[in-house]
Amino acid sequence: MLESPYVTQYLTEHFSEADYPTLEGYERRGGYRAARKAITEMAPDEVIETVKTAGLQGRGGAGFSAGLKWSFMPKDDERPKYLVCNADESEPGSFKDRILLERGAHQMLEGILIAAWATGACATFIYIRGEYAYPAVQVERAIAEAYAKGYLGENVMGTGFRHDVQVTRGAGAYICGEETGLLESLEGKKGQPRKKPPFPAQYGAFGMPTTVNNVETFSHVPHIIGKGADWFRGFGTEKSPGTTIFGVSGHVVRPGLYELPLGTPLSEIVFEHAGGIPGGRKVKGVIPGGMSMPILPAGQLDVPMANEFLRERKTMLGTGGVMVMDETTCMVRAASVISYFFRDESCGQCTQCREGTGWMHKIIERIERGAGEEEDIDVLGDVAGKMEAKTICAFADAAAWPIQGLLRHFRDDFVEHVRQRKCPFPGSFEL
Ligand SMILES: Cc1cc2nc3c(=O)[nH]c(=O)nc-3n(C[C@H](O)[C@H](O)[C@H](O)COP(=O)(O)O)c2cc1C
Ligand code: SF4
């Protein structure tokens, strides 16, 4: 991991240097200068404007403008304001936040500090997925160092600005990555998403105005403030500036993390950076952004990896988790694994989601075992269509989209299961 010659961009530039995770090592490479600049030289609104102008899109999945989200925090409100750093990273196929926590905890903390200054937040809760034991240790260590140096606490850098940071560990539920499910879990309750409105900026953690951002989103911020919005816009596309860390997994020669500009063609990521498909086999399909994003067939890998282009192909960048499947892969099995996950992880509040995820898995499993009928394929598409845009949170959409994508591009795999009354891909992965 991270041994690729391509990992030379700003986020991960120093990740292979042993002392970089320490405060001393981070400061030696210019660390915390951007936070000092923001707090001592820039008004909060100026920081927000800079991040807006830079065009930083959230890297947690939805791609919402970070600067715009910060501007939603109420200004004339006496209540304490909070930030939440979403380090739940439960999306299958996504593992970029892990390295940012393990190797770049100070970079993330500096981003948090700048965002806190911009929004007037007095405290940040970092919510780390339960399975990330080592990343949590690294973050705790970095927080302790930052307190000892006066970068956190009552009097940040001697400026009179106060900011506290605390780590909370999740317990392994995918839905606790959804921002309001996360807030419930943070408060010690069952991680069930809240109805919106009110949005977190009005009623967030413990009822206080709150902004939730992803680990990677915060990690870009020191670079934007330190080097400017124009510098940041020098990477990526006009509508999607900056780099991102693509996590490549599945049937490739070199699975791993690759920091590349947004807009890099998917084919370049798969065939150049990740070394292509092993054993001279052909690619069959690629999920571009973590498991909840619809798959693209082999013929569409020329797409630039930025939302404005991916949307034209009915998919999205999501978390940048690129999952590659070669020609041996049974797409009905893939659908079975995906639908099983969502059936298991639904929080159960909404009928469309609770029942829909269960029915999708039941039908797919029947087709996979050779017991399905052709009309089952239409019923499957119908169930998925009825789950979209009707529920408390976007989980139901995230469960329906990958199945719709598989039906759109690999319907023949489903039809062949029904006709042959068995799986026609004996070389595929085992269920
Ligand atoms: C089911 C579901 C799971 C999610 N899981 C995560 C997650 O693990 N990490 C994350 O940062 N965002 C996740 N999100 C997105 C968050 O709700 C939220 O949009 C994000 O943390 C905002 O940060 P950003 O604007 O910096 O991207 C998830 C959303 C949904 C609907
Ligand atoms: S869509 Fe699913 S996960 Fe989201 S609140 Fe409804 S039941 Fe829970």
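Structure first, text after, so check above.
The following paragraphs examine the structure supplied in this document. (Residues numbered from 1 in each chain as written. Chains lettered and ligands numbered in written order. Predicted model: local features only at pLDDT ≥ 70, side-chain atom pairs only at ≥ 80, totals over all residues. Heavy atoms only, no water.)

Focus on the pairing of strand β5 (residues 210-214)
Then comes step 1: Burial within β5 is extensive, with five of its five residues counted as buried.
Then comes step 2: Side chains Thr210, Val212 and Asn214 project from β5 onto one buried face, and the interleaved Thr211 and Asn213 project onto a second face that is buried too. (Buried < 20%, exposed > 50% of the residue type's maximum accessible area, 1.4 Å probe, protein only. Helix = DSSP H or I, 4+ residues; strand = E, 2+ residues; numbered from the N terminus.)

Overview of the site of ligand 1
Then comes step 1: Around ligand 1, a shell composed of 18 residues is seen, among which Gly60, Lys69, Asn213, Asn214 and Thr217 lie nearest.
Then comes step 2: Ser90 places a polar main-chain atom, nitrogen or oxygen, 3.4 Å from an oxygen atom of ligand 1.
Then comes step 3: Between an oxygen atom of ligand 1 and a side-chain N or O atom of Asn214, the distance comes to 2.8 Å.
Then comes step 4: Alone, ligand 1 offers 610 Å² of accessible surface; in the complex the protein occludes 89% of this. (Near = heavy atom within 4 Å. Polar contact = N/O pair within 3.5 Å; in protein donor to acceptor, adjacent residues only side chain to side chain. Areas by Shrake-Rupley, 256 points an atom, 1.4 Å probe, with all protein chains shown as cover.)

Side note on the sheet that holds strand β4 (residues 161-169)
Then comes step 1: Strand order in the open sheet formed by five strands is β3-β4-β2-β1-β5, and the pairing between neighbours is mixed. Edge positions in the sheet fall to β3 (153-156) and β5, since each has one partner strand and no second. Each adjacent strand pair in this sheet contributes to an overall mean axis angle of 25°, direction not counted.
Then comes step 2: Relative to strand β2 (residues 123-128), strand β1 (residues 82-87) runs parallel, the two being bridged by six bridges. By the bridge assignment for β2, Cys85 is matched with Ile126. (Pairing = 2+ DSSP bridges. Axes fitted to C-alpha atoms, helices over the stretch in contact; angles between N-to-C directions.)

What about a nonpolar patch on the surface?
Then comes step 1: Together, Phe64, Leu68 and Phe72 make up an exposed nonpolar region whose accessible area comes to about 260 Å².
Then comes step 2: Looking at the element boundaries, Phe72 is found in the loop between α4 (66-71) and β1.
Then comes step 3: Taking the relative accessible area as the measure of exposure, Phe72 reaches 42% and is therefore partly exposed. (Patch = residues over 30% accessible without salt bridge, like charges linked within 9 Å, V, L, I, M, F, W, Y side chains within 5 Å. Salt bridge = Lys/Arg side-chain N within 4 Å of Asp/Glu carboxyl O.)

Some remarks on the site of ligand 2
Then comes step 1: Residues in close proximity to ligand 2 total 13 residues, the closest being Cys347, Gln349, Cys350, Cys353 and Cys393.
Then comes step 2: Classifying every residue of the shell around ligand 2 by side-chain character gives nine nonpolar, four polar and no charged. (Nonpolar A, V, L, I, M, F, W, Y, C, P; charged D, E, K, R; others polar.)

A short note on the pairing of strand β8 (residues 283-287)
The two faces of the sheet receive side chains in turn, since in a regular strand these alternate between them.
Then comes step 1: Counting buried positions over the five residues of β8 gives five, a clear majority of the element.
Then comes step 2: Sheet topology places β8 next to strand β10 (residues 321-326); four bridges connect them, and they run antiparallel. Paired with Gly285 across the bridge in β10 is Met325.
Then comes step 3: Two strands pair when backbone bridges link them, and β8 and strand β9 (residues 296-297) are joined in this way by two bridges, in the antiparallel orientation. Bridge pairing in β9 places Val286 opposite Leu296.

Section: the nonpolar core
Then comes step 1: Core analysis: the biggest nonpolar cluster contains 61 residues, and Tyr32 and Ile126 have the highest contact counts within it.
Then comes step 2: In terms of residue count, helix α6 (residues 105-119) provides more of this core than any other element does, ten residues in total.
Then comes step 3: Once you skip the residues sitting within four places of it in the chain, Tyr32 turns out to touch Leu23, Tyr26, His106, Leu109, Glu110, Leu113, Ala146, Tyr151 and Met157.
Then comes step 4: In terms of nonpolar packing, the next biggest core, distinct from the first, is built from 41 residues, Met323, Ala400, Leu406 and Cys423 among them. (Core = buried A, V, L, I, M, F, W, Y, C linked by side-chain atoms within 4.5 Å. Contact = heavy atoms within 4.5 Å.)

Some words on the sheet that holds β8
Then comes step 1: One open sheet accounts for five strands, arranged β7-β6-β10-β8-β9; its pairing is mixed. Every interior strand has two partners, whereas the edge strands, β7 (256-261) and β9, have only one.

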